[in-house]
Amino acid sequence: MASERTRRLLTALSIAAAGLLAAALAGAPLFAALLAMLAGGTATALFQSQRSEGRSSGPASSAEASPRLPSVLAALDDPLLLVKKRKVLLANPAAKAVLGAHIEGADVRLAIRHPAAAEHLAESREGGARIELAGLGGQDRRWEMATALLPDKTRLVRLSDRSAAFAAERMRTDFVANASHELRTPLASLLGFIETLQDDTAAEDKPLRTRFLGIMLDEAQRMHRLVDDLMSLSRIEAERFSVPREPVRLLPLIDQIRVACGRIAAERGVELVVENRLDSEPIVPGDGTQLLQLLQNLVVNAIKYGSQGTPVTVHFAESGVDMLRLSIVDCGDGIPPEHIPRLTERFYRVDASRSRNMGGTGLGLAIVKHIVGRHRGRLEITSKLGEGTKVDVYLPRASS
Ligand code: ADP
């Protein structure tokens, strides 16, 4: 009798050990802990069921084995399912939110309607492998599905949300594609003009040559601005975790911008007006070069997109006790509201040809957003069609 009990105990322990092994294979610590618990629960149930006379009809399922299991699964954020013989025994609320409220009791291939998942969840397959699923719970959502086979042949299925990583990866590839496209266009134009000028007849036609060289200069300058902006963006991103603390006086920066933008402002008949509503000089802790770039990008946009002959105002005011609000206001056509949330994306333009004609790279506001972020500030863009645009930058003030 004693040896029979020992044999049962050993069986129970070996099932628990198998569960732990599956847990280790599953990798993620939370998943691993859960698997270990399920395996333990199964083992305990087996041991108990074998001890109670006349009820040794094989292992109970994991779901039955642990009455606390539904509440444990409910506390976890990842969608989790327990599946046996292709039937969903248990689904936590996160799984129901993604796959539907009534999946318990359903065939798992109907619950997770995805060909790769159906194939992966076929009865004969061992657990452990991970596959990617696209489109469950929304077109742009991406999931990683991991399964683990428990000793009682119940399967634990976990879906991990990979949508954010997928979106970041897509942004990166879109960025590389956009940057290459932006560089290739002026480069193709330059190559075309160089080839034409290699031809003796064109080279001897002085007015034509002068016109072509002018276009080539514009295209080369466009590439130069683009490369400068790309380098700025990557430098600012690389420094995003170091908060700059040098006291920066903002009024002298405006004077520098007045000089730098003098030509374009004169061409468009724009006067740059500065209003300081603070009781002292605007000073913020920051990085002087980056704050100059922020102000210049915003002022240049206001000059470019504001109506000719109207003023551009740079306004300083308090915002709460410790913040300064810097507003750049123009009187232009304004921006349709649906574009506003996307303006700080790299290469996003409301009117691409207008931006290019004005010499824009499509990176100015993306750079502004990153500089504001590095300074622990906030950016707000408001616009009224036919009236103009206001960009507010909130920055922490230097303590006096
Ligand atoms: P760009 O080099 O094209 O000016 P930005 O990143 O600075 O790039 O701006 C992105 C887009 O936002 C611009 O192409 C333009 O369509 C719009 N925009 C920016 N500032 C203004 C403004 N003050 N008024 C109207 N539209 C603006």
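Residues numbered from 1 in each chain as written. Predicted model: local features only at pLDDT ≥ 70, side-chain atom pairs only at ≥ 80, totals over all residues. Heavy atoms only, no water.

Peer 1: Give me the lowdown on the layout of surface pockets, citing residues and values where you can.
Peer 2: Gaps between atoms show up when a probe of the same size as a water molecule is rolled over them. Within this model, the second largest pocket holds a volume of roughly 460 Å³. Met171, Asp174, Phe175, Glu345 and Arg346 are, among the 16 residues lining the second largest pocket, the residues nearest its centre. With 7 residues, the single largest contributor to the lining of the second largest pocket is helix H8 (residues 163-198). For the lining of the second largest pocket, the class distribution of residues is 5 nonpolar, 3 polar and 8 charged. A domain split of the lining of the second largest pocket shows at least three residues from each of domain 2 (162-238) and domain 3 (243-400). (1 Å grid on protein atoms, 1.4 Å probe; cavity = no way out; pocket = protein on both sides within 12 Å on 5 of 7 lines; lining within 4 Å. Points joined across faces, edges and corners; volume = space filled by probe spheres on them. Helix = DSSP H or I, 4+ residues; strand = E, 2+ residues; numbered from the N terminus. Nonpolar A, V, L, I, M, F, W, Y, C, P; charged D, E, K, R; others polar. Domains from an automatic or database assignment.)

Peer 1: Account for the site of the ligand, naming residues and giving values.
Peer 2: Among the 18 residues in the neighbourhood of the ligand, the closest are listed as Tyr305, Asp330, Ser355, Gly362 and Leu365. Within the side chain of Tyr305, an N or O atom sits 2.7 Å from an oxygen atom of the ligand. Thr361 places a polar main-chain atom, nitrogen or oxygen, 2.9 Å from an oxygen atom of the ligand. Isolated, the ligand exposes 520 Å² of accessible area, and the fraction of that covered by the protein chains is 94%. Put simply, the parts of the chain that give the shell around the ligand at least two residues each are helix H13 (288-305) and helix H15 (364-374). Top contributing element to the shell around the ligand by residue count: H13, with 3 residues. (Near = heavy atom within 4 Å. Polar contact = N/O pair within 3.5 Å; in protein donor to acceptor, adjacent residues only side chain to side chain. Areas by Shrake-Rupley, 256 points an atom, 1.4 Å probe, with all protein chains shown as cover.)

Peer 1: Mind laying out H13, listing which residues take part and the relevant values?
Peer 2: For H13, which comprises 18 residues, the first-to-last C-alpha distance of 26 Å matches the rise-based estimate of 26 Å (1.5 Å per residue) to within 8%. For H13, the tally of buried residues reaches 13 of 18 residues, placing the bulk of the element in the interior. Of the residues flanking the start of H13, the one acting as N-cap is Asp287, its side-chain oxygen 3.1 Å from the backbone nitrogen of Thr289. (Expected span 1.5 Å × (residues − 1). Buried < 20%, exposed > 50% of the residue type's maximum accessible area, 1.4 Å probe, protein only.)

Peer 1: Quick rundown of the packing of H8 against helix H10 (residues 206-238)? Include the residues and the values.
Peer 2: One way to put it is that H8 packs onto H10 with a least axis distance of 10 Å and a crossing angle of 160°. Relative to H10, the element H8 lies roughly antiparallel. In this structure, the crossing between H8 and H10 has a hand that is left-handed. Residues Phe175, Ala179, Glu182, Leu183, Pro186, Leu187, Ser189, Leu190, Phe193, Ile194, Thr196 and Leu197 of H8 pack against Arg209, Phe212, Leu213, Ile215, Met216, Glu219, Ala220, Arg222, Met223, Leu226, Val227 and Leu230 of H10. For the contact of H8 with H10, a count of residues per class yields 18 nonpolar, 2 polar and 4 charged. (Axes fitted to C-alpha atoms, helices over the stretch in contact; angles between N-to-C directions. Parallel < 35°, antiparallel > 145°, perpendicular 65-115°, else oblique. Left-handed = near helix turned anticlockwise from the far one by under 90°. Contact = heavy atoms within 4.5 Å.)

Peer 1: Lay out unusual backbone geometry with the relevant residues and their values.
Peer 2: The phi torsion at Arg86 lies on the positive side, around 65°, for a residue other than glycine. For Arg86, the position within the fold is in the loop between strand S1 (80-84) and strand S2 (87-91). Even without glycine at this site, Lys153 takes up a positive phi of about 70°. In this fold, Lys153 is placed in the loop between strand S4 (142-149) and strand S5 (155-161).

Peer 1: So what's going on with the packing of aromatic side chains? Residues and values would help.
Peer 2: Here a ring pair, both rings aromatic, is described through the centre-centre distance and the interplanar angle of the planes. Under the defined criterion, the tally for this structure stands at 2 aromatic pairs. Plain terms: the ring middles of Phe175 and Phe347 are 5.9 Å apart, the flat faces sit at 25° to each other, and that makes the pair stacked. Note that Phe175 is positioned in helix H8 and Phe347 in the loop between strand S10 (323-329) and helix H14 (352-357), a separation of 172 residues in sequence. Here the basic side chain of Arg346 rests over the ring of Phe175, its NZ or CZ set 4.7 Å away from the ring centre. Directly above the aromatic system of Tyr394 lies the positively charged group of Arg378, at a separation of 4.1 Å from the ring centroid. (Phe/Tyr/Trp six-rings, centres within 6.5 Å; stacked < 30°, edge-to-face > 60°. Lys NZ or Arg CZ within 6 Å of the ring centre and 35° of its normal.)

Peer 1: Pulling in residues and values, what's your account of the confidence of the model for the protein?
Peer 2: Averaged over every residue, the pLDDT of the protein is 85; residues scoring 70 or more account for 82%. Across the protein, the element-wise mean pLDDT spans from 47 in helix H1 (residues 2-26) up to 98 in strand S11 (residues 378-384). Contacts from residues 9-27, a stretch scored under 50 in pLDDT, to residues over four places away or in other chains number 25 contacts. In the predicted structure, residues 42-60 sits below a pLDDT of 50 and forms 27 contacts with residues beyond four places in sequence or in another chain. (pLDDT = per-residue confidence, 0-100.)

Peer 1: Go over the nonpolar core, please, and point to the residues and values.
Peer 2: Of all hydrophobic cores here, the largest spans 46 residues; its most connected members are Leu294, Leu326 and Ile328. Of all the secondary structure elements, the ones that give two or more residues to this core are H10, helix H11 (250-260), H13, strand S9 (312-319), S10, H15 and strand S12 (388-396). Counting residues per element, this core draws most heavily on H13, at 8 residues. For this core, the domains that each give at least three residues are domain 2 (162-238) and domain 3 (243-400). Sequence-distant contacts of Leu326, defined by excluding residues within four places in its chain, comprise Leu294, Leu295, Val314, His315, Phe316, Val391, Asp392 and Val393. With 20 residues, the next largest nonpolar core counts Leu81, Ile103, Leu121 and Met145 among its residues. (Core = buried A, V, L, I, M, F, W, Y, C linked by side-chain atoms within 4.5 Å.)

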